[in-house]
Structure formats: structure tokens, C-alpha cells
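# Examination of the molecular architecture
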There are 2 protein chains.
Amino acid sequence: MPKRDHLLLRLAVDLVILTVRDDALQVLTITRANEPFRGQAALPGGFLREGEDLLQAAIRELHEETGLDGHRLYLEQLHAYGEPGRDPRGRIVSVAYLALMPDLPLPTAGSDASSAAWTPVAKAAGLAFDHDEILAGGVERARSRLEFQTLATAFCGDEFTIGDLRNVYEVVWGQRLDPRNFNRKVLGTDGFVEATGGKRMPEVGRPAALYRAGGATVLNPPILRTDKHG
Amino acid sequence: MPKRDHLLLRLAVDLVILTVRDDALQVLTITRANEPFRGQAALPGGFLREGEDLLQAAIRELHEETGLDGHRLYLEQLHAYGEPGRDPRGRIVSVAYLALMPDLPLPTAGSDASSAAWTPVAKAAGLAFDHDEILAGGVERARSRLEFQTLATAFCGDEFTIGDLRNVYEVVWGQRLDPRNFNRKVLGTDGFVEATGGKRMPEVGRPAALYRAGGATVLNPPILRTDKHG
DNA sequence: TCAAAAGTGTTGCTTATACACCCATGT
DNA sequence: ACATGGGTGTATAAGCAACACTTTTGA
């Protein structure tokens, strides 16, 4: 058997970690401490280890970079990138994962050891490697997922108002939604959210009922972007 | 840097090649000539080579197994599988690709060198490795794609009737569709199909107009499965 | 003339959208 | 009182499923 059938390579797992923060869709980036691309922003990630599944590696990297428990976050595989020249260090294939999380204070943030920072997706150009492309794929996946699945709740904390949820949609899609119709769509979908019974006082205006994420994952009927079709 | 950060592995590309044949959704399987799983059915695939992109590898494997030009087929990446124990030969991560093609005679079929054969998806249990799971993922992706994209035409030849196209949907979804409504949906979607001007005589009944694939890829409005929501 | 598949018209139900309107709070 | 966001009701429009009906062929 020819040698070329036995190409050995390393496998990286890169993370597109998204949150909604300050009314903007933001992505967690790190500043590279080593060459190549030293000092440049990049997506967090690392190499697959022995005896480790891809998802396990994604959860581990997520924990290492943010201190968060990846088991409790929404995490899905995005795409594999394997262009020969994509990493100057050699032949490295990357499997990208998408993580969605609420705007929590990062446990490792503030420590000198961590260079993780939130960057608005709209300003996150010029990432290292092919991470611009990976980020674009992750953002588009998230946008699309909101249409057909209930995971907008993954951007919210344990308790949230319908207004919070609507804000997630508006920020992720970059599009205004009718608050009244949105309300009914969400409450009319069994298992999307369930009332906690509590209320939250806004700075101004009527108190809003609080909800937590329901058991459903598919969103039927879907909540469609109107400008979806180019 | 610890050694475990430098795990070397091989990367395989496996293909879920689907067609509609004899009114059934069928998948191309090969019979394994070597251990492990010698003599057992499996999805076609092979190892990534030096200097080769993942998609290039998929196109190459497709050509080697079927003799077909992968550049002319619908081909998309499905998912990466990396469970440590998935391949007895060692640490092998597999990236699965989905290919859709019309029911053409395979150029390599019939030759002793090739063990490629069409197997109805409904009967394709017990494949080698984790290929049952990969196949299931590919089939579900194809079913879902038909709802929102125009690629049902990828299952048809250069020229086809609306009835042919409807048969693709019915077979892939395992669901009957109203011929009259289907007709209007397809013809009412700009760029889905364009008339060639020709007609085809069926064995019995009125001749049907012939069409070829149009330029559109997104299907707006979508053609939805009714039983979609479990 | 009949069977079978292609294709058109129409009806009525189901949804979505747009927007009028009311509710509950802080200032 | 009024500004502000939360929430309900409703009319109009659009979409789709169901099905009656016509067309075009071979036998």
C-alpha cells in the first residue's frame, strides 16, 4: 500500500462561542500567545487528545477557555475544514463547534492567564487562520437554527421574559420583530417556554412575566426570517 | 508541551451516495475486501492524502468507487465522526459526505474489480464500522434538503418530467404527494425547473412536458413534509 | 370508449401580518 | 397624566390542501 494512503495529521477543535451582549451578537475570541499569528485574535480551540471524542474535546476546550461547564451549554458540530494550507504549522484538520451561551461573567475572565474576550461579530474580521470563514459559518448556523429550533433560550439565563427572547431574535437576525405577534408565536408553541410564575420589573413600563426554557427542541411552526431569501 | 497535545491520526472520507432506483431510495455500498469487517457491507471511502482538501478527497473517492465525475454531482459535507473506538485499525476520524445522483449505470459496475452495489436504504442495516449511523445522518439530511432546496433535480437525469421529480420526493420522504398541487408548487417556483420544450410518452397516459434543472438553489416557498414534526 | 397519467380551476380552511386597543408600572 | 414596555383582540390577506374537472395519449 502506497505511503500516501497513510497521511498522518493532527486534528484541532475550534469553537464559535456566541452570546448576546449589549444588544449585539458577540463571539468569544482569544489573543494568540504563540506563533503563528502571535498577538492576533482567533477562535479558541485546541488539539484532539488520545482517547477523546470530538464532542468531548469541544467540551474540554470550552472549559479550559471559559471555565464554563460545556455539558450545560448548547453545543453542536458545525463543519470540518481541511484545506492543506490552512495552518502554517503543518497538516491540521479542524472540526468547528458552535456553542451558545447567556451573557454570564466568564469565570476565567480578568485573570492574567486568560486572554478571552467578547467581540461583536460585526467587527470580528481579520481572525487568524481561516477563522473568519469558520465564524461566518457558525453565525449563519445560529441564525438558521433560531427559525426551526427553540434554542434561542440558550442565549438567555435560567429565567427570562418574552421580551428578552425577542431581543435575542432581533439581535441575531439584525431585524425588528413585532412584539405582539412574537409573543403569541412563542406562547402558542407547546414546550418552547414555561411560566415560572414570577415577574420582572423593567426600568420603565409594565412588569413582564418570567419563563424558563421548555422541553421542546423543534419549533413547529417555525419562526421565519422574512428576508431569508436572497 | 505534553505529548498528548500532539496526537497523530488518520483522516478518512466516507461517502453516502444516494439515488432513487426502482422506486426506492438506495445507497451505494461496497463489500469490504480486507480486514476489519472483511466481506461485510460498508460505505465507500478512503484516507485523506497529502496536499488534498477534504472535498477533493471526496471527489476522488467517488470517482474511484463509481467511475463518475464527482464535479458534476451534488456533494456536501455531512458530519465528522471521531469516537476513539470507531475503527479497530486505530485512531481514525471520518468526515462523511453526501452525494446525490441519478440512476445511471455505474461505469465500474460489472467489472470484477468493483464490489459496489446499490442497496435499498430500508434494508441497509448492519454496515461496517459506524456506517449505519453515518447513513442515517445522510438520509435525514437529504430528506430535509428536499424541503428547502431544489436539489431533488440531482436525483434526475438531464431531462425529467414533473412526475419524475414528484417520484423523487415520494420515494425519499416515503410519503404520497398530490400530483396536482405538486405540479403547481414546482412550476410556481422561479428557477426550480425550466421547460426544454420536449415531451415524453409514458407507457400509458398523456405525454408529459420535459424540464431540466433551473438555476435556483433555495426553494421559496419550501415544500414541507407534513409529518415532519414528531 | 376506456384507463391512466398530465395538467387547470376553484373552494374553503388555516396562517400570518398589521395594527387597534387595553394593562401595569415609574415618574 | 403620560411615557414605556407588556399583552390581547381582530380584520385582511396570503397560502395551502382537497378535489372537481379537462386534456392527451395507447389499447
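Residues numbered from 1 in each chain as written. Chains lettered and ligands numbered in written order. Predicted model: local features only at pLDDT ≥ 70, side-chain atom pairs only at ≥ 80, totals over all residues. Heavy atoms only, no water.

### A short note on the sheet that holds strand β9 (residues 193–200) of chain B
Residues and elements named next belong to chain B. Read from one edge of the open sheet, three strands run β8-β10-β9, paired in antiparallel fashion. The strands lining the two open edges of the sheet, one partner per strand, are β8 (160–161) and β9. Pairing of β9 with strand β10 (residues 208–213), which is carried by five bridges, proceeds in the antiparallel orientation. In the strand pairing of β10, E194 is matched with R212. (Pairing = 2+ DSSP bridges. Helix = DSSP H or I, 4+ residues; strand = E, 2+ residues; numbered from the N terminus.)

### Overview of the relation of the copies chain A and chain B
Superposition record for chain A on chain B: RMSD 0.0 Å, screw rotation 180 degrees, translation along axis 0.0 Å. Between the two chains, the operation in question is that of a two-fold axis. Residue by residue, 100% of the interface of chain A is reproduced at the interface of chain B, so both copies engage with the same surface. (Least-squares fit on C-alpha atoms with pLDDT ≥ 70 in both. Contact = heavy atoms within 4.5 Å.)

### Side note on the domain arrangement of chain A
Residues and elements named next belong to chain A. Examined at the domain level, chain A breaks down into domain 1 (3–147) and domain 2 (149–213). Each partner contributes to the interface: domain 1 provides 15 residues, whereas domain 2 provides 13 residues. Across the domain 1 to domain 2 interface the summed buried area is about 1400 Å²; carbon plus sulfur atoms make up 68%. The largest share of the area that domain 1 buries against domain 2 comes from V20, R145 and L146, three residues that together contribute 43% of it. Our enumeration of links across domain 1 and domain 2 arrives at zero salt bridges. When residues of the side of domain 1 that touches domain 2 are traced back to their parent elements, those giving at least two are β1 (10–21), β2 (24–31) and α2 (131–148). For the side of domain 1 that touches domain 2, the element with the highest residue contribution is α2, accounting for four residues. Classifying every residue of the side of domain 1 that touches domain 2 by side-chain character gives nine nonpolar, one polar and five charged. (Domains from an automatic or database assignment. Buried area = accessible area lost by both parts, 1.4 Å probe. Salt bridge = Lys/Arg side-chain N within 4 Å of Asp/Glu carboxyl O. Nonpolar A, V, L, I, M, F, W, Y, C, P; charged D, E, K, R; others polar.)

### A few points about the protein's contact with DNA strand C
Within the structure, DNA strand C sits among 19 residues, and R180(A), N181(A), R206(A), R180(B) and A209(B) are positioned closest to it. Within the side chain of R166(B), one N or O atom sits 3.3 Å away from a phosphate oxygen of DNA strand C. In this structure, R184(B) approaches DNA strand C through a side-chain N or O atom, which is 3.0 Å from a base oxygen. Put simply, the parts of the chain that give the surface near DNA strand C at least two residues each are α4 (179–188) of chain A together with α4 (179–187) and β10 of chain B. A class-by-class count of the residues in the surface near DNA strand C yields six nonpolar, four polar and nine charged. (Near = heavy atom within 4 Å. Polar contact = N/O pair within 3.5 Å; in protein donor to acceptor, adjacent residues only side chain to side chain.)

### Re the environment of A116(B)
Residues and elements named next belong to chain B. Relative to the elements of secondary structure, A116 occurs in the loop between β6 (92–100) and β7 (117–120). With a relative accessible area of 16%, A116 lands in the buried category. Measuring from C-alpha to C-alpha, the distance between A116 and T66 comes to 7.4 Å, with 50 residues separating the pair along the chain. With sequence-adjacent residues up to four places away left out, A116 is seen in contact with L28, T29, I30 and E65. (Buried < 20%, exposed > 50% of the residue type's maximum accessible area, 1.4 Å probe, protein only.)

### A closer look at the interface of chain A and chain B
Many authors give the size of an interface as the accessible area that is lost as the parts come together. The interface is formed by 30 residues belonging to chain A together with 30 residues belonging to chain B. Across the interface of chain A and chain B, roughly 2800 Å² is buried in total on both sides, 58% from carbon and sulfur atoms. The interface formed by chain A and chain B includes zero salt bridges. Across the chain A-chain B interface, the total number found is 11 residue pairs in polar contact (both at pLDDT 80 or more). Looking at the side of chain A that touches chain B, the elements that each hand over two or more residues are β1, β5 (74–81) and β6 (92–100) of chain A. Residue contributions to the side of chain A that touches chain B peak at four residues, all from β5(A).

### A look at the protein's contact with DNA strand D
The environment of DNA strand D is formed by 20 residues, the closest being R184(A), G205(A), R206(A), N181(B) and R206(B). The share of sugar and phosphate among atoms of DNA strand D within 4 Å of the protein is 46%. Taking R206(A), its side chain carries an N or O atom lying 2.7 Å from a base nitrogen of DNA strand D. Ranked by residues supplied to the surface near DNA strand D, first place goes to α4(B) with four residues. A class-by-class count of the residues in the surface near DNA strand D yields six nonpolar, five polar and nine charged.

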